[in-house]
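# A closer look at the structure
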Amino acid sequence: MKKLVVLSGAGMSAESGLKTFRDADGLWEGHDVMEVASIEGWQQNPALVLDFYNQRRRQLLTAQPNIGHQLLADLEQHFDVSIVTQNVDDLHERAGSQKVIHLHGQLLESKSSIDGDLIYPCHQDIELGQTCESGSQLRPNIVWFGEMVPMLEPAAKLVAQADILVIIGTSMQVYPAASLANFAPVDTPIYYIDPKPAINETVQQLTNLVVIAETASQGLASLKEKLLEI
Ligand code: APR
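Note that the structure is a prediction, hence the values are computed from the model and not measured.

### Considerations on the overall build of the protein
When helices and strands are tallied, the protein shows eight helices and 11 strands. Expected size for 230 residues packed as a compact globule is a radius of gyration near 17 Å; at 18 Å, the protein falls within 12% of this value. Reported as C-alpha extents along the three principal axes, the dimensions of the protein are approximately 55 × 35 × 30 Å. Evaluated residue by residue, the protein yields a buried proportion of 50% over its 230 residues.

Set out below in structure tokens:
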């Protein structure tokens, strides 16, 4: 089976009702991203950060995968599909996708704030004073601005082996995630699905690029037809 690798961003979950980061003039649910999604933000105001992710987690538990997530899961009947997502939701998994790498962590996990290897399932609020087994404050298992991206290397290896690369719903502005597309083999076709596709330097330097200026569900429906003709 041909290897189809997907790089998905917040736009993938937009049709499930989860807000993107940069569509609302740079505010994420009314907050500056650096206030709630950076290590400095955590150090300055852990209570605000915990509350922010508690709200995101509660919202996620009421959200459902959309048609786009479902179409990606269906493509596993025809391709060896691997998904590399910047999203911290579990909608790809809930739609049935089997191989998902979360570059920026997972909202339904918590971790120790002093030992990143201590990770726990988390479907409830995390409160100040709630500690891990080593006695340190629990925090969301999210990769914040200013932190390393531990899954970058396995993600780059996947893209380097892709026969087909599909980029969906990302503004291609955040590194190192945005650089992953550059690891694709030179003759690998790259499809970029986004209703307002970024036209920054990162995107412009991609060879074999086909832009599909549609939503995730519409764009994947037309791409699936095209790919199954091959
Ligand atoms: N279908 C597909 N794409 C969509 C849709 C949709 N229905 N609605 C919006 N989009 C597109 C927007 O046009 C935009 O290009 O989704 C993209 C969302 O871009 P961002 O909000 O910047 O999200 P993303 O690229 O995933 O951000 C990357 O930044 O804040 C950090 O860690 C955070 O993972 C996040 C990273």
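There is more to say after this.
### Details of the UniProt feature "binding site: substrate" (unreviewed entry) in the protein
UniProt's entry tags Tyr53 and Arg56 with the feature "binding site: substrate" (unreviewed entry), counted in the numbering of this structure. With a relative accessible area of 2%, tyrosine 53 lands in the buried category. When you line up the elements, arginine 56 lands in helix H3 (residues 46–62). Beyond its immediate sequence surroundings of up to four residues, arginine 56 is in contact with Trp28, Glu29 and Leu107.

### Side note on helix H8 (residues 216–229)
Since there are 3.6 residues in each turn of an α-helix, residues three or four apart along the chain are aligned in direction. Its 14 residues place the ends of H8 20 Å apart at the C-alpha level, agreeing with the 20 Å of an ideal helix rising 1.5 Å per residue. Those residues of H8 not exposed but buried are Ala216, Ser217, Gly219, Leu220, Leu223, Lys224 and Leu227. End-on, the buried residues of H8 take up no more than an arc of 150°, which puts them together on one face. Along H8, the residues that are exposed and aim more than 90 degrees away from the buried face are Glu225 and Glu229. Turning to H8, the residues buried within the fold contact strand S1 (3–8), helix H4 (67–74), strand S9 (164–168), strand S10 (190–193) and strand S11 (209–212).

### Quick look at the nonpolar core
In this structure, Trp28, Tyr53 and Trp144 are the most contacted members of the largest nonpolar core, which totals 24 residues. Looking at this core, the elements that each hand over two or more residues are helix H1 (33–36), helix H2 (39–44), H3, strand S6 (105–112) and strand S8 (138–142). A total of five residues in this core trace back to one element, the largest contributor, which is H3. Residue-level mapping places this core at the junction of two domains, with at least three residues from each of domain 1 (1–18 + 65–104 + 149–230) and domain 2 (19–62 + 106–142). Other than its neighbours up to four places away in sequence, tryptophan 28 contacts Lys19, Thr20, Phe21, Val33, Val36, Ala37, Phe52, Tyr53 and Arg56. Core analysis: the second largest hydrophobic core is formed by 23 residues, Val149, Ala155, Ala177 and Tyr192 among them.

### Topic: the sheet that holds S9
The sheet built from six strands is open, its strands ordered S5-S4-S1-S9-S10-S11 with parallel pairing. Each having just a single partner strand, strand S5 (100–102) and S11 make up the two edges of the open sheet. The average undirected angle you get between the axes of adjacent strands in this sheet is 15°. Where S9 lies against S10, four bridges are found, and the strand directions are parallel. In the sheet register, valine 166 faces S10, and the bridge partner there is tyrosine 191. Here H8 sits on the sheet in contact with S1, S9, S10 and S11, set at roughly 155° to S10.

### Let's talk about the packing of H4 against H8
It is at 8 Å that the axes of H4 and H8 come closest, and there the two elements cross at 25°. Classified by the angle between their axes, H4 and H8 sit roughly parallel to one another. As H4 packs across H8, the resulting crossing turns out to be left-handed. Taking contact as the criterion, the partners of Ile67, Gly68, Leu71, Leu72 and Asp74 in H4 are, on H8, Ser217, Leu220, Ala221 and Lys224. Residues belonging to the contact of H4 with H8 are distributed by class as follows: five nonpolar, two polar and two charged.

### A short note on the site of the ligand
Close contacts around the ligand come from 22 residues, with Phe21, Arg22, Thr170, Ser171 and Asp194 the closest. Take aspartate 194: an N or O atom from its side chain is 2.6 Å from an oxygen atom of the ligand. Protein chains shield 93% of the accessible area of the ligand, which is 740 Å² for the free molecule. Each of domain 1 (1–18 + 65–104 + 149–230) and domain 2 (19–62 + 106–142) contributes no fewer than three residues to the shell around the ligand.

What counts and what doesn't
- Residues numbered from 1 in each chain as written.
- Predicted model: local features only at pLDDT ≥ 70, side-chain atom pairs only at ≥ 80, totals over all residues.
- Heavy atoms only, no water.
- Helix = DSSP H or I, 4+ residues; strand = E, 2+ residues; numbered from the N terminus.
- Rg over C-alpha atoms; globule rule 2.2 N^0.38 Å.
- Buried < 20%, exposed > 50% of the residue type's maximum accessible area, 1.4 Å probe, protein only.
- UniProt positions renumbered as here; feature names shortened; annotations may be inferred.
- Contact = heavy atoms within 4.5 Å.
- Expected span 1.5 Å × (residues − 1).
- Arc of directions from axis to C-beta.
- Core = buried A, V, L, I, M, F, W, Y, C linked by side-chain atoms within 4.5 Å.
- Domains from an automatic or database assignment.
- Pairing = 2+ DSSP bridges.
- Axes fitted to C-alpha atoms, helices over the stretch in contact; angles between N-to-C directions.
- Parallel < 35°, antiparallel > 145°, perpendicular 65-115°, else oblique.
- Left-handed = near helix turned anticlockwise from the far one by under 90°.
- Nonpolar A, V, L, I, M, F, W, Y, C, P; charged D, E, K, R; others polar.
- Near = heavy atom within 4 Å.
- Polar contact = N/O pair within 3.5 Å; in protein donor to acceptor, adjacent residues only side chain to side chain.
- Areas by Shrake-Rupley, 256 points an atom, 1.4 Å probe, with all protein chains shown as cover.

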